[in-house]
Amino acid sequence: FGDLFVKYGSNSASGGYTKLYAFNFSDNVDFPTSTSYAWNSYGFGGKFLVVPEQSKTKVDGYFLYSNYDIEQKELDGKPRSSSIGGFNMGMNFSYNFKKDELKFGMEINGFRTIFSIYNSNDRFISQDESTTEINGFANYKFVRKRFVANLGLRGQYYASLSNQSLEPRFQIRYNPFGGFGIKLAAGQY
């Protein structure tokens, strides 16, 4: 087996940061009279935060990719395998008013699965599927003494299905005195 994990981080004087990482994990096992297995998992990613000096805006983002593969070999020598991989990336913007905050951003996700096997009737079965999602959101946080409200809207687009949805969200919280609060939330998900 082998395990490798690498991480790098850096902070800026204004409060921002950059973080990067990568990994690779693998293993093999061989049972001489029956079967052998081999699997490997790897990925990389990072995130960042930019806080411009004398600005009320913050920008943060991230990107990720990972993949997992497994293969099985029986005595018949025919390969059987399964794999799943995906990526995720997004960027968010936050603007601070005196008490309120406006946050908006977008995200893209993608996944792929691959499956191959020989069944007990010696029939080869294979499936290769993938999907992509794109979404965006906006949220306004309204803060007054004992009252906080979040008004939000999220839009989703499922590319492989050619389907989209619009999802409004609402949350209100009232704190009449310390340690006690009343909260109400509604939305379409």
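The structure we're discussing is the one just above.
Here the structure is a predicted model, which is why all the values come from computation and not from measurement.

Cut-offs applied
Residues numbered from 1 in each chain as written. Predicted model: local features only at pLDDT ≥ 70, side-chain atom pairs only at ≥ 80, totals over all residues. Heavy atoms only, no water. Patch = residues over 30% accessible without salt bridge, like charges linked within 9 Å, V, L, I, M, F, W, Y side chains within 5 Å. Areas by Shrake-Rupley, 256 points an atom, 1.4 Å probe, with all protein chains shown as cover. Salt bridge = Lys/Arg side-chain N within 4 Å of Asp/Glu carboxyl O. Helix = DSSP H or I, 4+ residues; strand = E, 2+ residues; numbered from the N terminus. Buried < 20%, exposed > 50% of the residue type's maximum accessible area, 1.4 Å probe, protein only. Phe/Tyr/Trp six-rings, centres within 6.5 Å; stacked < 30°, edge-to-face > 60°. Lys NZ or Arg CZ within 6 Å of the ring centre and 35° of its normal.

### Details of a nonpolar patch on the surface
Right, on to step 1. Together, Tyr8, Leu20, Phe44, Phe63, Phe87 and Met89 make up a nonpolar patch on the protein surface, roughly 550 Å² of accessible area in all.
Right, on to step 2. Looking at where Met89 falls in the secondary structure, it is placed in strand β5 (residues 79-96).
Right, on to step 3. The exposure class assigned to Met89 is partly exposed, which follows from its relative accessible area of 40%.

### Section: the pattern of salt bridges
Right, on to step 1. Enumeration over the complete set of coordinates arrives at six salt bridges.
Right, on to step 2. For Arg154, the salt bridge goes to Glu107, with nearest N and O atoms at 3.8 Å. Residue Arg154 is located in strand β8 (residues 147-158), and its partner Glu107 is located in strand β6 (residues 101-118); the two are separated by 47 residues in the primary sequence. Exposure class is identical for Arg154 and Glu107. Each is buried.

### Some details on the packing of aromatic side chains
Right, on to step 1. Evaluation of the coordinates by the stated rule reveals 10 aromatic pairs.
Right, on to step 2. An angle of 20° between the planes, with centres 5.4 Å apart, marks the rings of Phe93 and Phe104 as stacked. Placement of Phe93 in strand β5 and of Phe104 in strand β6 is noted, with a sequence separation of 11 residues between them.
Right, on to step 3. Since its relative accessible area comes to 29%, Phe93 is described here as partly exposed.
Right, on to step 4. For Phe104, a relative accessible area of 36% gives the class partly exposed.
Right, on to step 5. Look at Phe177 and Phe180: their rings are 5.3 Å apart centre to centre, the planes differ by 15°, and that puts the pair in the stacked class.
Right, on to step 6. Through a chain of ring-to-ring contacts, three or more aromatic side chains come together here, namely Tyr42, Phe44 and Tyr65.
Right, on to step 7. A cation over an aromatic ring shows up here: Lys19 above the ring of Tyr17, its NZ or CZ 4.9 Å from the ring centre.

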